[in-house]
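Reading the structure
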Amino acid sequence: RFISWPLHSVIGWCLLWVLSGCGLSSNHYLLIDQSLAAHDARRADAIMAEAESEYGPRNRLLYSMDRGMTLHLAGEYMQSNAQLESAAQEVERLYTRTIRTETAAFLTNDNVLPYEGDPYEHVMINIIKALNYAAMGQLMEAVVEARQIDHRLNVLSDAAKEKDGYREDAFARYLTGVLYEATGDLNNAFIAYRKAYDIYDATKSWARTPMPPMLRADLLRTTDALHMTTEFEEYRRLFPETRWLPRADQQNLAQVVVIGYNGRAPRKEDAFLDIPISLSALQLVLLNRGVIHASNRQERRVADSVLYGLNGRVVRVALPKLILQKTQVVHETVTLIPRGGEPISATSELVYNGTALAERSLSDRLPGITTKALARAAVKFAAAEAATRGSQHAVNKGDAPWVGLLVGVLAHGLAVASESADTRSWRTLPDEIQISRLWVPPGEYESRIQAMVRGNGTPQVEGPRPLVLRAGQTLFLIERVML
C-alpha cells in the first residue's frame, strides 16, 4: 500500500543523490598528471579547460589557480597571469560571505561554501605571476609582482593568529630577492635575502627546507656590493666555506635561473569518525569496519549511510586528511654547453617544500575544523530525531510506527551521507621547488637538465634547449618533473 521498492533501495538512491554533490571529481587531475608526465603541458591545459564546468561557481578561485598553473607550464604566460589575476581578485572578494551560505554549509558540509584557499596558496598566486613575467623577460613587471608578494606577506604576518604557524614564506622572499637583484635593486635584494635567511632558520623545525647554500653567497655578494662592512664581515664569519663571486665580476656575465617543479602536491581525502551513542551502535560500527567491502569509496559511503540510518544511533564526523605524494627527485643538474669551451654545470637546491606547508596549514586549521564538524554532526542528529518524532505526531496513531521508522531511517541516513570534509586544494602545484643559478659568459649555449631520483631510479633528462645569452641578462627557465 506504500511503495513497491524495498526500503534499502529507496534510501540508497537518496544517498547517491546526496553524495553526487559532495566535492570535485579527481578524474581530470589524473589525466593532467599523465599529460605532464609525458611532457605534454599543452594537453594538460586543454584537459583543465574542458573541466571548467565541473568546478562551478563555488570553486571559481580553485579553477583560476589550477588553470593558471597549467597555462604557466604550457608556456602561455600572459593567459596564465589573466587567470591568476582573477584568482587574486576572488581571494579579496571572498573575505565576506552570506549568512545563507554559511547556514547551508552547517547543515550539510563545507563543500557548499566557496573555496577560499589557504594562505600559502594565496602567496603562490603572486609567485607564479612573478615567474610568468620573469619567463617572458619582463623583469620590471616581475618586480611589481614581487612588491605585491611583500605586501601580502606583511599583511599575513600581522593577521596570523598562530605565532609559529604559516605567517611568512622563505621561498617567496628569496624569489623577490633574485628578482630585485636581476633589475639592479641591490638594497631591496639584500632585504629580501636577509628575510629569507631568517625565515628558513625560524621555520626549519616544520618547513623541512634547509638553508639553501646559494643564499649564503647572495648575502655575501650583496653586502659586499653595498659596502655594508659590518654585515659582510658577520656573514663571512658565519659562512667561512661559502664560495661566492663579487658582483663586479658578474657585470659582463649572463645569469640563467632554472625553476624546477618536482612531484605533486599532497591531496586531501575524508577521514571519517563514526561515533556510536548506544551499545548496539558500537557493535554495528565495529562490525561494519571489518565486514563491508565496497569496490569504491562512494559505494562504501552509501553502504555506511544505509546501515547507520537503519540503526539511527551513529553520528558521523568527517575531517580532512592529507595524502602525501612526495617527489622522487633528489636534485637536478643543469648543464650549459657553449659552442666552444667547457660545459658549465650547477646542482639545484631545495627552496620550497609544498607538502610541509600543506601539513602545517591543515594542522593550524584542524582544531577549528574539528569543533565545527562536531557541532554540525550534533545538529544533524538532533534534526533527524526531531523529524522522526514530528512525523509520528503528524499521522494517525496506527501509522505512526512505520512512518516514524521510514522518516528516521531517511533522516539519519541523509545526516550521515551528507557529512563530508572539505578536501579541495590547489593540486596542480608541485611537491617541491628547486632552483639552479648559473653565471656564464655571453654567447650561444645548449642547456641540458638531468633530474636525479632516489634509489636506483632512472634519471630523467630534458632534451637540449638552445639559448642565446647577452651580458647582464637574467634568463628564467621553467622545468616540470612529475616523479
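Reference entry: report on the structure contained in this document.

Quick look at the overall build of the protein chain now. The number of helices and strands found in the protein chain is 19 helices and 10 strands. The proportion of buried residues among the 483 residues of the protein chain is 51%. Taking as baseline every contact in the protein chain between residues at least 6 positions apart, the subset at least 24 positions apart corresponds to 76%. Roughly 22600 Å² of accessible area belongs to the protein chain as shown, and the carbon and sulfur atoms make up 55% of that amount.

Next up on the list: helix α6 (residues 77-93). Helix length check: α6 (17 residues) gives 24 Å between terminal C-alpha atoms against 24 Å at 1.5 Å per residue, within 8%. Every buried residue belonging to α6 is among Tyr77, Ser80, Asn81, Gln83, Leu84, Ala87, Ala88, Glu90 and Val91, and all of these are buried.

Time to look at the side chain of arginine 173. Considering the arrangement of structural elements, one finds arginine 173 in helix α10 (residues 170-182). On the accessibility criterion, arginine 173 (3% relative accessible area) is buried. Only 2.7 Å separates the side chain of arginine 173 from the side chain of glutamate 168, close enough to count as a polar contact. Not counting chain neighbours up to four residues away, the residues in contact with arginine 173 comprise Asp150, Leu153, Asn154, Glu168, Ala192, Lys195, Ala196 and Ile199.

All right, on to the packing of aromatic side chains then. If you walk through the whole model with that rule in mind, you get eight aromatic pairs. Ring centres of tyrosine 120 and tyrosine 166 lie 6.3 Å apart, and the angle between their planes is 80 degrees; this geometry places the pair in the edge-to-face category. Residue tyrosine 120 is found in helix α8 (residues 119-135), and its partner tyrosine 166 is found in the loop between α9 (139-159) and α10; the two are separated by 46 residues along the sequence. A relative accessible area of 8% places tyrosine 120 in the buried class. Taking the centre distance of 5.7 Å and the plane angle of 10 degrees together, the rings of tyrosine 235 and phenylalanine 239 count as stacked. In this pair, the class of tyrosine 235 matches that of phenylalanine 239, namely buried. Clustering of aromatic rings is evident, with ring pairs tying together Tyr197, Tyr235 and Phe239. Arginine 316 extends its terminal NZ or CZ atom over the ring of phenylalanine 272, reaching a point 4.2 Å from the ring centre.

Further remarks concern the packing of α10 against helix α11 (residues 186-202). As a packed pair, α10 and α11 sit with axes 8 Å apart at the nearest point and diverge in direction by 160 degrees. Judged by the inter-axis angle, α10 sits roughly antiparallel to α11. Read as a crossing pair, α10 and α11 show a hand that is left-handed. Residues Ala170, Phe171, Arg173, Tyr174, Thr176, Gly177, Val178, Tyr180 and Glu181 of α10 form the contact with α11, whose own contacting residues are Leu186, Asn188, Ala189, Ala192, Tyr193, Lys195, Ala196, Ile199 and Tyr200. Broken down by class, the residue content of the contact of α10 with α11 amounts to 12 nonpolar, three polar and three charged.

Secondary-structure assignment places aspartate 118 in the loop between α7 (99-107) and α8. For aspartate 118, a relative accessible area of 5% puts it in the buried group. In this structure the side chain of aspartate 118 is engaged in a polar contact, spanning 3.3 Å, whose partner is the side chain of arginine 365. Setting aside residues no more than four positions away along its own chain, aspartate 118 makes contact with Lys268, Ser361 and Arg365.

Counting buried positions along strand β10 (residues 474-481) yields eight of eight residues, so the element is predominantly enclosed. Alternating residues of β10 divide into Thr474, Phe476, Ile478 and Arg480 and Leu475, Leu477, Glu479 and Val481, and every residue in both groups is buried. Here eight bridges tie strand β1 (residues 254-262) to β10, and the two strands are oriented parallel to one another. Looking at the pairing, glycine 260 lines up with glutamate 479 of β10.

Right, let's talk about the sheet that holds β10 for a bit. In space, the four strands of this open sheet follow the order β6-β7-β1-β10, with mixed pairing throughout. For this open sheet the edge positions go to β6 (349-353) and β10, each flanked by a neighbour on one side alone. Taken pair by pair, the neighbouring strands of this sheet meet at an average axis angle of 25 degrees, ignoring direction. For β1 and strand β7 (residues 432-440), the ladder comprises nine bridges, and the chain directions are antiparallel. Bridged to isoleucine 259 within β7 is isoleucine 435. Sitting on the sheet, α10 touches β1, β6, β7 and β10, and the angle it makes with β7 is about 20 degrees.

Read across the open sheet, the four strands follow the order β5-β4-β8-β9; overall the sheet is antiparallel. A strand with exactly one partner marks an edge of an open sheet, and here the two such strands are β5 (344-347) and β9 (460-469). Neighbouring strand axes in the sheet, compared pairwise and without regard to direction, differ in orientation by 20 degrees on average. Examined bridge by bridge, strand β8 (residues 443-453) and β9 share eight bridges and lie antiparallel to one another. Paired with tyrosine 445 across the strands is leucine 467, a residue of β9.

Applying the stated criterion to the full structure yields 29 salt bridges. Across the pair arginine 247 and glutamate 181 runs a salt bridge whose closest N-O atoms are separated by 3.4 Å. You can see arginine 247 sitting in helix α15 (residues 247-250) and its partner glutamate 181 sitting in helix α10, a full 66 residues away along the chain. Residue glutamate 181 is classed as buried on the basis of its relative accessible area of 4%. Arginine 267 is paired through a salt bridge with glutamate 269; the nearest N and O atoms lie 2.5 Å apart. One continuous salt-bridge network, built from bridges that share partners, spans Glu181, Asp218, Arg221, Arg247 and Arg437.

Here the focus is the environment of glutamate 121. Structurally, glutamate 121 is set in helix α8. Taking the relative accessible area as the measure of exposure, glutamate 121 reaches 0% and is therefore buried. A sequence separation of 305 residues divides glutamate 121 from tryptophan 426, and the C-alpha atoms of the two residues are 7.2 Å apart. Discounting residues that sit within four places of it in the chain, glutamate 121 has contacts with Met65, Tyr115, Ser425 and Trp426.

Criteria and thresholds
- Starting afresh in each chain, residues are numbered from 1 along the sequence in its written order.
- Side-chain atom pairs in this predicted model are given and counted only at pLDDT of 80 or more, local residue features only at pLDDT of at least 70, and totals for whole chains, interfaces and linings cover all residues.
- Excluded from the side-chain calculations are hydrogens and water; all other atoms, namely the structure's heavy atoms, are used.
- Note on conventions: DSSP H or I runs of at least 4 residues are helices, E runs of at least 2 residues are strands, and numbering of each starts at the N terminus.
- The rule is simple: take the accessible area with a 1.4 Å probe, protein chains only, and divide by the maximum for that residue type; under 20% is buried, over 50% is exposed, in between is partly exposed.
- Pairs of residues are marked as contacts when any of their non-hydrogen atoms sit within 4.5 Å.
- Each accessible area is a Shrake-Rupley result for a 1.4 Å probe, and residues are judged covered by the shown protein chains and nothing else.
- Take the residue count of a helix, subtract one, and multiply by 1.5 Å to get its expected span.
- Counting of polar contacts relies on pairs of N or O atoms within 3.5 Å, with two restrictions inside protein: one atom must be capable of donating a hydrogen and the other of accepting it, and residues adjacent in sequence are counted only when both atoms are side-chain atoms.
- Here a Phe, Tyr or Trp ring, Trp counted by its six-membered ring, pairs with any other such ring whose centre lies within 6.5 Å, and the pair is stacked when the planes are under 30 degrees apart, edge-to-face when over 60, and tilted otherwise.
- Lysine and arginine charges are scored as sitting over a ring when NZ or CZ, respectively, is within 6 Å of the ring centre and within 35 degrees of the ring normal.
- Geometry is summarised by axes, namely lines fitted to C-alpha atoms with helices restricted to the contacting stretch, and by angles between N-to-C directions that run from 0 to 180 degrees.
- What sets the label is the angle itself: under 35 degrees gives roughly parallel, over 145 gives roughly antiparallel, 65 to 115 gives roughly perpendicular, and the rest give oblique.
- Put simply, a crossing is left-handed when the front helix is turned counterclockwise from the back one by less than a right angle, and right-handed when it is turned clockwise.
- Charged residues are taken to be Asp, Glu, Lys and Arg, nonpolar residues to be Ala, Val, Leu, Ile, Met, Phe, Trp, Tyr, Cys and Pro, and polar residues to be all remaining types, Gly included.
- Two strands form a pair only when DSSP identifies at least two bridges running between them.
- Salt bridges are counted wherever a side-chain nitrogen of Lys or Arg sits within 4 Å of a carboxyl oxygen of Asp or Glu.

None of the figures reported here should be taken as evidence of function without further support.
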